[in-house]
Structures are given as C-alpha cells and as structure tokens.
Amino acid sequence: MSKAAANMMSVLLSQEFKDKNIAVGILHPGFNKTGMTAKYSAIWEIEGAVDPSVGAKRVFHEIGKINMDTTGKFINCEDGLEIPW
C-alpha cells in the first residue's frame, strides 16, 4: 500500500468510526535521524532532524492529544500543527 493510500484509508477509517466516538490519529513523525534517512545525514542538522528518542516523544505527545476534534486530521509531530490535505 502506498503512503497516499494509507493516508486515505486513515481518513476513511476516521469517518467510519466517528459515529462510534472512536478517534483516528494520522501522524507525521517528522525528520528523524535513522538508517532510513542516513543518506541525508549531511543536512540532518540544517533541516532539524532529531534523534529517534526525541521523535518518539513527539509522537507519544501527539497521540495523547488525539480526540474527536482531531480525528482524520494529518498532524505534524514536529510542531503539532495540522498538515492540510
């Protein structure tokens, strides 16, 4: 499944569960220093990449804020703001 398809599935899931009062969070973890982003290591500091432990704390923080007002919204864990579709 592509990332776009996964995002759309999450939006549809949030709509499906809204009447059951179940919130669905869609989170962008931000730029983290991992093996997957190692090819960008030259710009990690310039672009604000963080250690995985910091990225994980950001994700957990945003998970704690998921509610029916945020269900189906794409949230950036770097700043807590909604990323428009």
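Enquirer: Would you mind going over unusual backbone geometry with me for this structure?
Expert: Negative phi is the rule for most residues except glycine; trans is the rule for most peptide bonds. In this structure, N21 is a non-glycine residue whose phi angle is positive, near 60°. Residue N21 is classed as exposed on the basis of its relative accessible area of 58%.

Enquirer: Please clarify how the packing of aromatic side chains should be interpreted in this entry.
Expert: The geometry of an aromatic ring pair is captured by two quantities: the separation of the ring centres and the angle between the planes. Scanning the entire structure with this criterion turns up 1 aromatic pair. Between F74 and W85, the ring centres sit 5.2 Å apart and the planes meet at 20°, which makes this aromatic pair stacked. Of this pair, F74 sits in strand β2 (residues 74–76) while W85 is found in the segment after β2, placing the two residues 11 residues apart along the sequence. Residue classification places F74 among the buried residues on the basis of a relative accessible area of 9%.

Enquirer: Sorry, what's going on with the environment of S14 here?
Expert: Mapped onto the elements, S14 comes out in helix α1 (residues 3–18). Overall, the relative accessible area of 5% leaves S14 in the buried class. Counting along the chain gives 10 residues from S14 to V24, while the straight-line C-alpha distance between them is 5.1 Å. Non-local contacts of S14, meaning those with residues more than four positions away in its chain, are made with V24, T71 and G72.

Cut-offs applied
- Residues numbered from 1 in each chain as written.
- Predicted model: local features only at pLDDT ≥ 70, side-chain atom pairs only at ≥ 80, totals over all residues.
- Heavy atoms only, no water.
- Buried < 20%, exposed > 50% of the residue type's maximum accessible area, 1.4 Å probe, protein only.
- Phe/Tyr/Trp six-rings, centres within 6.5 Å; stacked < 30°, edge-to-face > 60°.
- Helix = DSSP H or I, 4+ residues; strand = E, 2+ residues; numbered from the N terminus.
- Contact = heavy atoms within 4.5 Å.

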